[in-house]
Amino acid sequence: TEKKLGLGEDGPPISVSIKGLGDVVAVFDGMGGAGAIQVPAVEPAIEDVNKLRTMAYVASNAVSLLIGGKLRQWGKGSVQDLQLQLNFDIPKRLTELAERPNGRGMKPGLKGTLLQEYPTTIAIGFVQNSEDNLSRIVSAVWAGDSRVCVLDPDLKYPLQIVTRDHTSEGGGGDAALGRFASASGLDLEFHSVLTGPHS
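Notes on the structure in this doc start here.

Residues Leu-21, Ile-67, Ile-90, Leu-94, Tyr-118 and Ile-122 are the most contacted members of the largest nonpolar core, which totals 36 residues. Listing elements by their share of this core, those giving two or more residues are strand S1 (10-18), strand S2 (22-30), helix H1 (55-72), helix H2 (79-99), strand S5 (120-129) and strand S6 (136-143). For this core, the element with the most residues is H1, which contributes nine residues. In terms of nonpolar packing, the next biggest core, distinct from the first, is built from seven residues, Val-138, Trp-142, Val-148 and Val-162 among them.

Now for the pairing of S5. Burial within S5 is extensive, with seven of its ten residues counted as buried. Pairing of S2 with S5, which is carried by eight bridges, proceeds in the antiparallel orientation. Bridge pairing in S5 links Val-27 to Ala-123. As paired strands, S5 and S6 are joined by eight bridges and run antiparallel to one another. Considered in S6, the bridge of Gly-125 is made with Ala-140.

Strand order in the open sheet made by the five strands is S1-S2-S5-S6-S9, with antiparallel pairing throughout. Either end of the sheet is taken by a strand with one partner, and the two such strands are S1 and strand S9 (189-195). Taking the axes of each pair of neighbouring strands and ignoring which way they run, one obtains an average angle of 15° across the sheet. Each of S1, S2 and S5 is contacted by H1, which is oriented at about 10° to S1, the strand it contacts most.

The subject of this paragraph is the pairing of S6. Most of S6 sits out of view: six of its eight residues are buried. A loop of six residues connects S5 with S6, the two strands running antiparallel in sequence, and Asn-133 in this loop sits at a positive phi of about 60°. Across seven bridges, the pairing between S6 and S9 is antiparallel. Residue pairing across strands places Arg-136 opposite Thr-195, the latter belonging to S9.

We now examine H2. Here H2 spans 30 Å end to end across 21 residues, near enough to the 30 Å set by a 1.5 Å rise per residue. Of all the bends in H2, the largest measures some 30° and sits at Leu-86. Within H2, the full set of buried residues consists of Val-79, Leu-82, Gln-83, Leu-86, Asn-87, Asp-89, Ile-90, Pro-91, Leu-94, Leu-97 and Ala-98. Taken together, the buried residues of H2 touch H1, S5, S6 and S9. You can read the cap of H2 off the contacts: a side-chain oxygen lies 3.3 Å from the backbone nitrogen of Gln-80, and it is on Ser-78.

The next point concerns the pattern of salt bridges. For the coordinates displayed, the defined rule picks out seven salt bridges. The shortest N-O distance in the salt bridge between Arg-93 and Glu-96 comes to 3.5 Å. Taken together, the residues span about one helical turn, with Arg-93 and Glu-96 both in helix H2 at a distance of three residues. In this structure, Glu-189 and Arg-164 form a salt bridge, with 3.4 Å as the shortest nitrogen-oxygen distance. Of the two residues, Glu-189 sits in strand S9 while Arg-164 sits in the loop between strand S8 (159-161) and S9, which places them 25 residues apart along the sequence. A relative accessible area of 42% places Arg-164 in the partly exposed class. What you see here is one network of salt bridges that share partners, running through Arg-164, Arg-179, Asp-187 and Glu-189.

In this model H1 runs 26 Å from its N-terminal to its C-terminal C-alpha over 18 residues, within 8% of the 26 Å that 1.5 Å per residue would give. Burial analysis of H1 places 15 of its 18 residues in the buried class, the great majority of the element.

Attention now moves to unusual backbone geometry. The phi dihedral of Tyr-118 is positive, around 55°, even though this residue is not glycine. Mapped onto the elements, Tyr-118 comes out in the loop between H2 and S5. Given a relative accessible area of 0%, Tyr-118 falls into the buried group. Of note in the backbone geometry, Asn-133 takes a positive phi value of approximately 60° without being a glycine. Residue position: Asn-133 is located in the loop between S5 and S6. For Asn-133, a relative accessible area of 52% gives the class exposed.

The rules behind the values
- Residues numbered from 1 in each chain as written.
- Predicted model: local features only at pLDDT ≥ 70, side-chain atom pairs only at ≥ 80, totals over all residues.
- Heavy atoms only, no water.
- Core = buried A, V, L, I, M, F, W, Y, C linked by side-chain atoms within 4.5 Å.
- Buried < 20%, exposed > 50% of the residue type's maximum accessible area, 1.4 Å probe, protein only.
- Helix = DSSP H or I, 4+ residues; strand = E, 2+ residues; numbered from the N terminus.
- Pairing = 2+ DSSP bridges.
- Axes fitted to C-alpha atoms, helices over the stretch in contact; angles between N-to-C directions.
- Contact = heavy atoms within 4.5 Å.
- Expected span 1.5 Å × (residues − 1).
- Bend = angle between axes of the 7 residues up to and from the residue.
- Polar contact = N/O pair within 3.5 Å; in protein donor to acceptor, adjacent residues only side chain to side chain.
- Salt bridge = Lys/Arg side-chain N within 4 Å of Asp/Glu carboxyl O.

What follows is the structure in structure tokens.
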């Protein structure tokens, strides 16, 4: 939820079933500090294109739309095939946003490595039933500190985190991220676990 109404920077979450990939959920958290520069909005269907929004907001929304479109058109291929395609397509889209008129916004007063062009985290979870339906395979593709978790009521500790935050400490707090999506590039991480049939 937004801390200040109308000023949130998360992209719309995704929840769909895709043949060959299973049930898919995804979240996108625009990185407000690193992407605080104001730029024109992008999608006329969502809002007035003359309105200024942060690069973080524009990035998280654009990446959500891009991934949603890729999933709807997905043919044959594995989760890792999708991962490879997204590693190319997402930075390309974010670079297009930066290169549009006024896409880099006004030059900020802040200097240094804190600011990034169109930064957002990505976390995508895939849930597939095993062939014998006795277990499930949960795969995660992510960059940043958005997380994929599994809730398995059959375990003593039912909530398990599948991902690891891309911070120097590996999780928690407001530590700087070493991996995320931006116009500079993307390197999604992949992890898969076997879980119980009721997870």
